[in-house]
Amino acid sequence: MALAQTGLGFWISFSLYLSAAVLALLLSRCPRAANVASHAASMAGAVVGAAASLLHLLAGPGRLVLADLVGTVPQLELKVVVDDLSAYFLLALSVLVFCVSLYSVSYLAPYAGKRNLPLFDALYALFVLSMGLVFTAGHAVFFLIAWEIMSVLSYFLVVFESEREENVRAGTIYLVMTAVGTAFLLTGILTLYANTGTFDLGAAAGLSPGARTVVFLSFLVGFGIKAGVVPLHVWLPYAHPAAPANVSALMSGIMVKTALYGMLRFVLVGLGVPDGWWGGALLILGLVTALTGVSHAYVESDMKRLLAYSTIENVGILVTGLGVAFLALSAGRPALASLALAATLFHAFNHAMFKGALFLGVGSVHHATHTRNLEDLGGLVRRMPATAVLLVGAALAASAMPPFNGFASEWMTFQALFQSLLLEKSGLGLLYVLAAAALALAGALAAATFLKLLGVGLLGRPRTPAAAEAHEAPLPERISGGLLVAFCLVLGLVPGAALRVLERPVLGLTGFSPSAVSTGWLGLDPSALSTSPVASGTYSPLLVAGGVAAFLLAALAAVRLIGGRFLVRRYGTWDCGFETIDARMQYSAMGFSKSFQIIFRFLFRPTRERRAEGEHLYHPDSIAYTVKSVSPFEKFLYEPLVAFVNALSQKAKSTIQTGSLRRYLAYILFALLGGLVYFLVA
Amino acid sequence: MELLLWLVPIVALAVLALPLPRRVRHAVSLAETLATAAVATFATWTVLTQGTAAPAMPGNLFYLDAVSVILLDLVALVGLLTSLYTIGYVEEEIRRGSLDPKKVRALYLLIHGFLFTMVLTLTLRNLGGVWIAIEATTLASVFLVGFHNGKAALEAAWKYIILCSVGITLAMIGIVFLNSAAQGVLAEGTSLDWTALFARADSLDGSYLKFAFIFLLIGFGTKAGLAPMHNWLPDAHSQAPSPVSALLSGVLLNAAMYAILRTAAIVNRNLGSSLYTGRLLVGLGVLSVATAAVFLLTQKDYKRLLAYSSIEHMGLAAIGIGLFTPLSLFAAFYHMINHSLTKSLLFLSSGTVLQKTGTREIGRVGGLLKLLPVTGPVFLLGLVAIGGTPPFSLFASELALLTSVFQQKLYVLGAGIALLLALVFAGIIQALFRVFYPRPAAVAAARAGTAPAPAAPLVPGEPNRFGAVAVVVLLALILVTGVFLPSWLTKLIDAAQTILTGQGGG
């Protein structure tokens, strides 16, 4: 395994990403060739990167310094370090990038000639590279640089289709939030530096409790913004859908995980054993995030926004898992922490796979029908069978259905919660009960959300001509989605393999190997890690999969055998005077989740509008019914804030800067007087 | 040899005063700035090897050390690139009919006179002389601000001269008290020489000094654009012809900051601590950054927006000078260098944008990336850079500055500045990125389904090829200095920092 010792693979991978960007720009005269060449290079980089990280995780030297250049500019140091944690995130990045780049080859082709496609490809490749550097930065300032570049590049990718006003708006919200997030990261990093005197990433000992709190809170807000933790999530449902589908897949699939990585790297590794309340805060934030995200996802009819909200839900699950791990560590239960962290890291990987597949599939639907609105779709399962199958698979994983990977990792999160509950003697136990209940609710709503996505979008009849004339996605798009769904299935069937990969990162973080959880490759049994007296549950995916398959087969056979006789039935009795079934008789996307919206009125605050056209009240020519709901965070937190800042700016302009020269002279005089008073006092 | 810094502009001014064809004027202008740059390079070398450059002359007026030579190099560099830009700018203005060819002589005379006064500010030993030179910069540049003779331009010039004259008067009171502080300590003729003042700072009268510093700070601070004395700046910088805006924002503000720097060093040395000056400077600095952050948000004029950003960056430099630690001074110098280059890049590019589109209103400009194939992308990257985004140089200096704040355990101040910087960045980007999206008229027309407005469609292309070269050079410079500081520059900045803190013998 000499190769793993040198880190050559990471070098090759990064240089291939860079060359993808350069290739795209070099071939800019010929956009189609540039597109293919650039994404081919990215794919090659991803393959090498995946192999290198896998090798590193299984047989690598642990910590590997790839580069360390001390510049002449103060505080600037180019330091690239790969350790087990980095390698794990690089693995997720590489796998996703491979599929997304393959997808991009055909997905972006229609843009050729219309937009500056080579520039887009170059930005895309650099974006991938910047994420790779975020995961491997060994120096806090270099991390910040990679982070900033990643943010700015993703901004440009979000506003790529800038002719749409809402994309520009989404980009602006994103950029503002990102800038604020960076300010918090900067505060955290510099506070660390002021207390330790080094920018090197690693354990920072000897911080006062106050400094620890400042650092934790700064990183919580800074990374929380990027991850979309409620209430810092407002930008995410705008920005993720605004980008082209391949970028959405990367942003939702892996960019939000940079925040998880940051929390692990800076807080868990950096600050050591967490303070007790940190975990509690994370747990509560995570649950609020999961519930808020999923309930908004459920009522959303824009497919990509629905997926973006679902990303927020999954971030909530990740943060919850992180919170459980923090609590376990601060209570001195590293074994439990290792279970929770393994669940979290596993779920991060799984989410990258299924959310990537979902965004890619929805992107294909979007290109085929030119709409993202579920109300305009329907019946796609006939027109786009392959894409539909992929979406079903990915949606099953996202709704945490066994035997897919989403279930395996959520199950582990639940086990960690249950174990914490059993071990906890204090009032904190109630928190775990609530957490488990909230996660269960989130899971149920997620299932309903994806049922809605699939049921309204794929089944039934086309609601518009565009949906009726949809065409199947090109081959590369189907292959890339298929690969991701295959990953979801395989990881779900053999979670032991995932735990094997996870072993070293988690071991490094908690000192306990999570591999004891897996019984062989095929099952999960967390009792090995538990110190509680009560035996925990076990999960055997193959058994469950077999059961599900057997049940499905039996049901199918039953339908064939029993129902076959009644297949042809023509009745006119119960059709209420309508002769044929048409698209308008189907459940609409809004109708699907309407009751939920009404129950949780206080959250969504829907405003409805019913407009009838025609002379007769009871027989109008047409009725239009629309419901709008605004997120309470936007309505009560952000909009007032933005309005206040703008008003302040306007007010300042009209009262401070009146254009009156006398007033300006007075300011100078006041400044002078202030100075003289200071002179007397000082 | 260094005296050529004075001689070259004087000769050039004399030549430019002659009736000459326009081409020759362009050539003389370029030659003057080239020669200045060459002499400045030589002077830099002298300072690097000998510590100071003070050629013998009657009165010993000339004095250069690391502090001033850094800023002098900026004047020379930005002056050179600006004069290159001006060639194309003038031709295009004449082509568009917005500049009377007869006024070219006046324009060049004023620009070079203005450059000369800045060189003087930075090369005089006597603080009284510095004061006179700064007043002269106002006089030379006020006609440049009002050069276009429009109502807005004249109003801007009017505000500029009134406010800056008041400021300079206050500064004069400060100079007088500075002189009093030196009474009985220094000989009659040298009582305002910086070298003498600084060398004997310990024995100067402290309360006079403290009193003088208030006046000097408010007075020169007016000229440096620190809030709340900044109100002339947005008008003046936005109304001036674009090459002049670049000089005003890029180098003139530094020259005013230079005077503050020198006096603060004397006071700090006398008091043995930087607390007295530091509180004032940091206070004004934070106020400037905050003011800029608030006013940036609702700007509709892109040149004004850039002007507000200058206030912000001067505020940051003031904070660095206020803290007066080795790292903070390093950061302040580094920041002034980076701001000079980045802001002149932006003002020069914005001048080309203005010539191309004919409007200063952000909402009426669009599609710049296509419209200006070189300047457009450079402008975009310049905006990203001015927001303090890596790998551009302002990121590195802002980081160094914030690090120095945190090093002093001023967490709240540091976090506050970081947040304000984020606000400023967001303000600039959200206001200005609109100019790169498709033209609003085209979008509106596409939405309404009608043909584009009948106004003549703009043809993509660079109106000012010289200018395009200048801004590309600047972009390369801010990219390089963001990741790599040549050792001579690090050495210079370190030397400047050592001179000011008086460590290492001063």
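Per chain, residue numbering runs from 1 following the sequence as it is written. For this description, chains carry letters from A and ligands carry numbers from 1, given in the order in which they are written. Totals for whole chains, interfaces and linings use every residue, but because this is a predicted model, local features are given only for residues with pLDDT of at least 70 and side-chain atom pairs only at 80 or more, for both listing and counting. Where side-chain values are given, they derive from all heavy atoms of the structure, hydrogens and water being excluded.

Visitor: What should I look at first to understand the overall build of chain A in this one?
Guide: Secondary structure elements are defined from DSSP: runs of H or I of at least 4 residues count as helices, runs of E of at least 2 residues count as strands, and each element is numbered from the N terminus. On a plain count of helices and strands, chain A comes out with 25 helices and six strands. If one aligns the C-alpha atoms of chain A with their principal axes, the spans along those axes are about 95 × 75 × 65 Å. Long-range contacts, defined here as pairs at least 24 residues apart, represent 77% of the contacts in chain A between residues at least 6 apart. For chain A, the computed accessible surface area is about 26900 Å², with 68% contributed by carbon and sulfur atoms. The charged-residue count follows a simple rule in which Lys and Arg add positive charge and Asp and Glu add negative charge, with His and chain termini not counted at all. Working definition for charges: the position is that of NZ of Lys, CZ of Arg, CG of Asp or CD of Glu. Here chain A contributes 43 positive and 33 negative side-chain charges, whose respective centroids are spaced 2 Å apart. Here, two residues are considered to be in contact whenever any of their heavy atoms come within 4.5 Å of each other. Here the Shrake-Rupley method, with its probe set to 1.4 Å, supplies the accessible areas, and only the displayed protein chains count as covering residues.

Visitor: What exactly am I supposed to notice about the overall build of chain B here?
Guide: Counting secondary structure elements, chain B contains 20 helices and two strands. Taken over C-alpha atoms, the radius of gyration is set against a globule rule of 2.2 Å times the number of residues to the power 0.38. Against the globule reference of 23 Å for 506 residues, chain B gives a C-alpha radius of gyration of 22 Å, in line with a compact fold. If you line up chain B on its principal axes, its C-alpha atoms span 80 × 55 × 40 Å. Whether a residue is buried, partly exposed or exposed follows from its accessible area with a 1.4 Å probe, protein chains only, as a fraction of its type maximum: under 20%, in between, or over 50%, in that order. With 506 residues in all, chain B has 66% of them scored as buried. Intrachain contacts of chain B at a sequence separation of at least 6 include 80% that bridge at least 24 residues. Just so you have it, chain B exposes about 16000 Å², and 68% of that area is on carbon and sulfur atoms.

Visitor: Is there a simple way to think about the pairing of strand 1 (residues 64-70) of chain A in this case?
Guide: As a general feature of sheets, a regular strand has side chains that alternate between the two faces. All names here are of chain A. The criterion for strand pairing is that DSSP finds at least two bridges linking the strands in question. Across six bridges, the pairing between strand 1 and strand 2 (residues 77-82) is antiparallel. Within strand 2, the residue paired with V65 across the bridge is V81. Adjacent in sequence and paired antiparallel, strand 1 and strand 2 are bridged by six residues, among which Q75 carries a positive phi angle near 70°.

Visitor: Looking at this structure, how should I read the pattern of salt bridges?
Guide: Side-chain pairing between opposite charges can occur once the charged atoms of the two side chains come close. Residue and element names in this part refer to chain B. Salt bridge, as used here, is a side-chain nitrogen of Lys or Arg placed within 4 Å of a carboxyl oxygen of Asp or Glu. Using the criterion set out here, one finds 16 salt bridges over all chains in the structure. For R95, the salt bridge is made with E92, and the minimal N-O distance between the two is 2.9 Å. Here the residue R95 and the residue E92 both occupy positions in helix 3 (residues 66-96), the gap between them amounting to three residues, near one helical turn. Measuring nitrogen to oxygen at the nearest pair gives 3.2 Å for the salt bridge that ties D301 to R360.

Visitor: Teacher, can you tell me more about a nonpolar patch on the surface here?
Guide: Residue and element names in this part refer to chain A. Together, L18, V22, L26 and L27 make up an exposed nonpolar region whose accessible area comes to about 350 Å². Relative to the assigned elements, L26 resides in helix 2 (residues 8-26). A residue is classified by how much of its surface remains accessible, and L26, at 65% relative accessible area, is exposed. Each patch is built from salt-bridge-free residues with over 30% relative accessible area, joining like charges within 9 Å and nonpolar side chains (Val, Leu, Ile, Met, Phe, Trp, Tyr) within 5 Å.

Visitor: I tried to follow the domain arrangement of chain A on my own but got confused; where do I start?
Guide: Note on interface size: it is often stated as the accessible area lost on association of the parts. For the domains described, the bounds stem from an automatic or database domain assignment. With domains assigned, chain A is organised as domain 1 (1-138), domain 2 (164-272), domain 3 (273-560), domain 4 (586-613 + 621-628) and domain 5 (633-681). Each of domain 4 of chain A and domain 5 of chain A was reduced to a C-alpha centroid, and the two centroids are 45 Å apart.

Visitor: Help me understand the packing of aromatic side chains, please; the structure alone is not making it clear to me.
Guide: In this description, a pair of aromatic rings is defined by centroid distance and the angle of the planes. All names here are of chain A. Here is the rule: rings of Phe, Tyr and Trp (six-membered ring for Trp) pair when centre to centre is within 6.5 Å. Planes less than 30 degrees apart are stacked, more than 60 are edge-to-face, and the remainder are tilted. Inspection of the entire model under this criterion finds 44 aromatic pairs over all chains. Between Y664 and Y667 the ring centres are 6.2 Å apart and the planes differ by 35°, which places this aromatic pair in the tilted class. Here the residue Y664 and the residue Y667 both occupy positions in helix 25 (residues 661-681), the gap between them amounting to three residues, near one helical turn. Owing to a relative accessible area of 4%, Y664 belongs among the buried residues under this scheme.

Visitor: Honestly, the interface of chain A and chain B in this entry has me stumped. Any pointers?
Guide: At the interface, 55 residues of chain A touch 65 residues of chain B. Where chain A abuts chain B, roughly 5200 Å² becomes buried across the two surfaces, and 76% of that area is made up of carbon and sulfur atoms. The buried area of a pairing is the accessible area, by a 1.4 Å probe, that goes missing from both parts when the two are put together, added over both. Per-residue buried area on chain A facing chain B is highest for I668, Y678 and F679 of chain A; these three make up 12% of the total on that side. Our count for the contact surface shared by chain A and chain B stands at zero salt bridges. By the criterion applied in these results, polar contacts are pairs of N or O atoms within 3.5 Å in which, for protein atoms, one can donate a hydrogen and the other can accept it, and in which residues neighboring in sequence qualify only through two side-chain atoms. Counting across the interface, chain A meets chain B through six residue pairs in polar contact (both at pLDDT 80 or more).

Visitor: Just to check I follow, could you spell out the side chain of S340 of chain B for this structure?
Guide: Residue and element names in this part refer to chain B. Turning to its location among the elements, S340 is positioned in helix 13 (residues 326-357). Exposure remark for S340: the relative accessible area of 0% places this residue in the buried category. Non-local contacts of S340, meaning those with residues more than four positions away in its chain, are made with L74, V78, G250, V251 and N254.

Visitor: How should I be thinking about unusual backbone geometry in this particular structure?
Guide: Residues other than glycine predominantly adopt negative phi, and peptide bonds predominantly adopt the trans conformation. Residue and element names in this part refer to chain A. In this structure, P231 follows V230 across a cis peptide bond, with omega equal to 5°. Within the secondary structure layout, P231 lies in the loop between helix 8 (209-227) and helix 9 (236-242). The backbone of Q75 sits at a positive phi, close to 70°, despite the residue not being glycine. Positionally, Q75 belongs in the loop between strand 1 and strand 2. In this structure, H370 is a non-glycine residue whose phi angle is positive, near 60°. Given the relative accessible area of 68%, H370 is considered exposed.

Visitor: I'm lost on the environment of S588 of chain A in this one. Help?
Guide: Residue and element names in this part refer to chain A. Its location among the elements puts S588 in the loop between helix 21 (541-563) and helix 22 (589-599). Assessed through its relative accessible area of 25%, S588 is described here as partly exposed. Separated by 212 residues in the primary sequence, S588 and D376 place their C-alpha atoms 9.3 Å from one another. If sequence neighbours within four positions are ignored, S588 has contacts with E375, V456 and R463. Of the polar contacts made by the side chain of S588, one reaches the backbone nitrogen of G591; its length is 3.0 Å.

Visitor: Help me out: how do you make sense of the side chain of S593 of chain A in this one?
Guide: All names here are of chain A. Tracing the chain through its elements places S593 in helix 22. Reaching out from S593, the side chain makes a polar contact with the backbone oxygen of Y298 at a distance of 3.3 Å. Among residues more than four places away in sequence, those in contact with S593 are Y298, V299 and K452.

Visitor: Can you walk me through the nonpolar core in this structure?
Guide: The tendency in soluble globular proteins is for nonpolar side chains to be buried side by side. Within this scheme, the nonpolar core is defined by two criteria: the residues are buried Ala, Val, Leu, Ile, Met, Phe, Trp, Tyr or Cys, and they are joined through side-chain atoms within 4.5 Å. In terms of nonpolar packing, the biggest core is built from 412 residues, with F219, L250 and L264 of chain A together with M257 and F433 of chain B touching the most fellow members. Sort the elements by how many residues they give to this core and helix 13 (residues 334-369) of chain A lands first, with 21 residues. Ignoring any residue separated from it by four or fewer positions in sequence, one finds F433 of chain B in contact with Y155 and F156 of chain A together with L380, L383, V384 and I428 of chain B. Residues A290, A442, F596 and F604 of chain A belong to the second largest nonpolar core, which totals eleven residues.

Visitor: Is there a simple way to explain the confidence of the model for chain B in this structure?
Guide: Reading predicted coordinates in detail is not appropriate for stretches of low pLDDT. The predictor reports its confidence for every residue as pLDDT, a score running from 0 up to 100. Mean pLDDT over chain B: 90, with 96% of residues reaching 70 or higher. Reported for the predicted complex are a pTM of 0.92 and an ipTM of 0.91.

Visitor: Can you walk me through empty space enclosed by the protein in this structure?
Guide: Any residue with an atom within 4 Å of a point lines the site, the site being either a cavity, points on a 1 Å grid over the protein atoms alone where a 1.4 Å probe fits but cannot get out, or a pocket, an open set with protein on both sides within 12 Å along at least 5 of 7 lines. Grid points are joined across faces, edges and corners, and a volume is the space filled by probe spheres set on the points. Applying the stated rule across the entire model yields eight cavities of 30 Å³ or more. Space inside the largest cavity adds up to approximately 220 Å³. T182 and L186 of chain A together with G388, E398 and L421 of chain B are the residues nearest the centre of the largest cavity, which is lined by 16 residues in total. Broken down by secondary-structure element, the contributors of at least two residues to the lining of the largest cavity are helix 6 (140-158) and helix 7 (165-196) of chain A together with helix 16 (393-407) and helix 17 (411-432) of chain B. Residue classes follow a fixed rule: Ala, Val, Leu, Ile, Met, Phe, Trp, Tyr, Cys and Pro count as nonpolar, while Asp, Glu, Lys and Arg count as charged, and any other residue, Gly among them, counts as polar. For the lining of the largest cavity, the class distribution of residues is eleven nonpolar, three polar and two charged.

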